[in-house]
Amino acid sequence: LKSGGTFTFSWDHYLARVVNEQDGKIFFEKSYNIEEPTIRHDWNHTGHDIQSMQAKPSTWFQLLQNAGFEVNAFYEVEAHPKGEEHVFSNTYSKSRAGVIPFSILIQAKKP
């Protein structure tokens with residue numbers, strides 16, 4: 001990225017990977033402090049498994065800063081569960097989408 005350029009990054013919110021839902025109750029299924037890869041089987045019904053690294057927002061900040069970026073905006077995006085089921089309904093049911101952020105959005109600038 002050229003000096004003065006802006007980088008915008010969005011990813012699933014980390015909370016979606018550590019909380020679960022059962023009988024209408026939301027609970028922590030895993031420790032918030034342990035970052036590990038997530039394997040999604042039959043991703044988007046393609047017949048392929050994918051592995052992605054899920055990281056806390058603070059980890060994304062540190063990675064961007066270590067790469068020489070200045071973080072100048074951060075948003076935790078809420079879903080609006082009143083409409084149709086989201087395409088990733090296995091991850092974001094209406095009840096989960098109503099209580100945890102859906103994704104993060106970070107904007108950073110290269111000095």
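The notes below deal with the structure included here. Quick caveat: nothing in here was measured; it's all calculated off a predicted structure. (Residues numbered from 1 in each chain as written. Predicted model: local features only at pLDDT ≥ 70, side-chain atom pairs only at ≥ 80, totals over all residues. Heavy atoms only, no water.)

1. Comments concerning the packing of aromatic side chains
Each aromatic ring pair is summarised here by two numbers: the centre-to-centre distance and the angle between the ring planes.
Thought 1: Evaluation of the coordinates by the stated rule reveals six aromatic pairs.
Thought 2: When the centroid spacing of 6.5 Å and the interplanar angle of 10 degrees are considered together, the rings of Phe-9 and Trp-11 count as stacked.
Thought 3: The exposure class assigned to Trp-11 is partly exposed, which follows from its relative accessible area of 33%.
Thought 4: Here the guanidinium or amino end of Lys-110 rests over the ring plane of Phe-69, the centre of that ring lying 4.9 Å away. (Phe/Tyr/Trp six-rings, centres within 6.5 Å; stacked < 30°, edge-to-face > 60°. Buried < 20%, exposed > 50% of the residue type's maximum accessible area, 1.4 Å probe, protein only. Lys NZ or Arg CZ within 6 Å of the ring centre and 35° of its normal.)

2. Regarding the nonpolar core
Thought 1: Among the nonpolar cores identified, the biggest contains eight residues, and these are Phe-9, Ala-55, Trp-60, Leu-64, Phe-69, Ile-104, Ile-106 and Ala-108.
Thought 2: Of all the secondary-structure elements, those providing two or more residues to this core are α2 (57-66) and β7 (103-109).
Thought 3: Sorting elements by how many residues they give to this core places β7 first, with three residues.
Thought 4: Among residues more than four places away in sequence, those in contact with Ile-106 are Phe-7, Thr-8, Phe-9, Trp-60, Phe-61, Leu-64, Val-71, Ala-73 and Phe-74.
Thought 5: Listed in part, the six residues of the second largest apolar core include Tyr-14, Leu-15, Val-18 and Ile-100. (Core = buried A, V, L, I, M, F, W, Y, C linked by side-chain atoms within 4.5 Å. Helix = DSSP H or I, 4+ residues; strand = E, 2+ residues; numbered from the N terminus. Contact = heavy atoms within 4.5 Å.)

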